[in-house]
Amino acid sequence: MRYPVVRALLAGAVVILAEIAISQQLPNGAQPASQSTTPDQRAAATRTFLGLGPEPDKVAAARGAPLYQQNCAFCHGPQARGATGASLITSDEVLKDDHGEHLAEFLKMGRPEKGMPAFATMPEDQLKDIAEFVHVQVEEVANRGAYHVLNILVGNEERGREYVSSHCVSCHAPGAFAHIGSRFRLPEQLQRGWIWPIRSTNESLALTATVKTPEGATLTGRVTQISDFRITLIDHTGQTHIVDRTPGVQVEMQDPLAAHHQIIQSLTNEDMHNVTAYLETLQ
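Residues numbered from 1 in each chain as written. Predicted model: local features only at pLDDT ≥ 70, side-chain atom pairs only at ≥ 80, totals over all residues. Heavy atoms only, no water.

1. Considerations on the sheet that holds strand β2 (residues 218-226)
Test applied: Any two strands between which DSSP finds at least two bridges are classified as paired. Helix numbering and strand numbering both begin at the N terminus, where a helix is a DSSP run of H or I of at least 4 residues and a strand a DSSP run of E of at least 2. Whenever a helix is involved, its axis is fitted only over the stretch in contact; in every case the axis is a line through C-alpha atoms, and angles between N-to-C directions fall within 0 to 180 degrees.
Reading across the sheet, the 5 strands line up as β4-β3-β2-β1-β5 and stay open at both edges, with antiparallel pairing between neighbours. If you trace the sheet from one side to the other, it starts and ends with β4 (240-244) and β5 (250-254), each paired once. Neighbour-to-neighbour, the strand axes of this sheet turn through a mean angle of 40 degrees, independent of strand direction. Where strand β1 (residues 208-212) and β2 come together, 5 bridges link them in antiparallel fashion. When the bridges of β2 are listed, A209 appears paired with G221.

2. Digging into unusual backbone geometry
Let me state the cut-off plainly: Only protein chains enter the area calculation, which uses a 1.4 Å probe; residues under 20% of their type maximum are buried, those over 50% are exposed, and those in between are partly exposed.
Of note in this structure, A80 is not a glycine but carries a positive phi near 65 degrees. The residue A80 is located in the loop between α5 (73-76) and α6 (92-95) in this model. A relative accessible area of 0% places A80 in the buried class. Despite not being glycine, H179 shows a phi value in the positive range, around 60 degrees. Position of H179 among the secondary structure elements: in the loop between α9 (157-167) and α10 (187-195).

3. Describing the nonpolar core
Heads up, the condition is: In plain words, nonpolar cores are sets of buried Ala, Val, Leu, Ile, Met, Phe, Trp, Tyr and Cys residues tied together by side-chain atoms within 4.5 Å. The contact criterion used is simple: two residues touch if any of their non-hydrogen atoms lie within 4.5 Å.
Residues Y68, L88, V94, L107, L127, I130 and V134 are the most contacted members of the largest nonpolar core, which totals 24 residues. Contributions of two or more residues to this core are made by α4 (58-71), α6, α7 (103-109) and α8 (124-142). It is α8 that provides the largest number of residues to this core, a total of 7 residues. The contact partners of I130, leaving out residues within four places of it in the chain, are G64, L67, Y68, C72, L107 and M122.

Listed below in structure tokens is the structure:
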């Protein structure tokens, strides 16, 4: 069955895939695996991660495109996203099909009671080509790993340099930006990396805390969970500490990305594009 969980995942895919796709430099300057993958590899990895099923046959889909436009687009829209008829992107009939083995039979019968004609005389190979075309439309919506990012190097390099000088060098030594443009395979990865580096690939960015209990104990470590009621730390020995935030418990957080969080609050699209354009020149 194709796309068994696609509809449930579509809403959450943005956040999940952002974590997958976001790339940043490692402490040793090497690129993580996500930066060395090709677009096709990234699309395949996302398809596997989301359980999107077999890759659609694009050659068959190309054959099916004119057949779909002639016979189906009037009701379901040119991209199968709905018109007078329902969208096929989340259709049960589509999602439980892989390569037309179900859809072809469904199309032969149609759904006359709901106004959908039967295509009983259309050859089965053409019906399967139509099915592949519809699967490609679903793939283009569901598989964010296949998205093509447009050119984002549209900013003013000099203004970007000025922004870095006024907002970044108070925390980062000037040498920290040397060759930063060469550490990322794509400009969009560079942009994600400088705006919000990923903590999971750089221990120096870990969120830590110091907790003082009413009994006088002091605990320090990496925060793995925190709420209004409890905080969980892992200290330097690897031991986990769970502390209820009862009256008298003092928690002092240390966030290496606090400045980035503040920048995000005021960062404009123009600033973002300018800085990315400038950093890209630092090869």
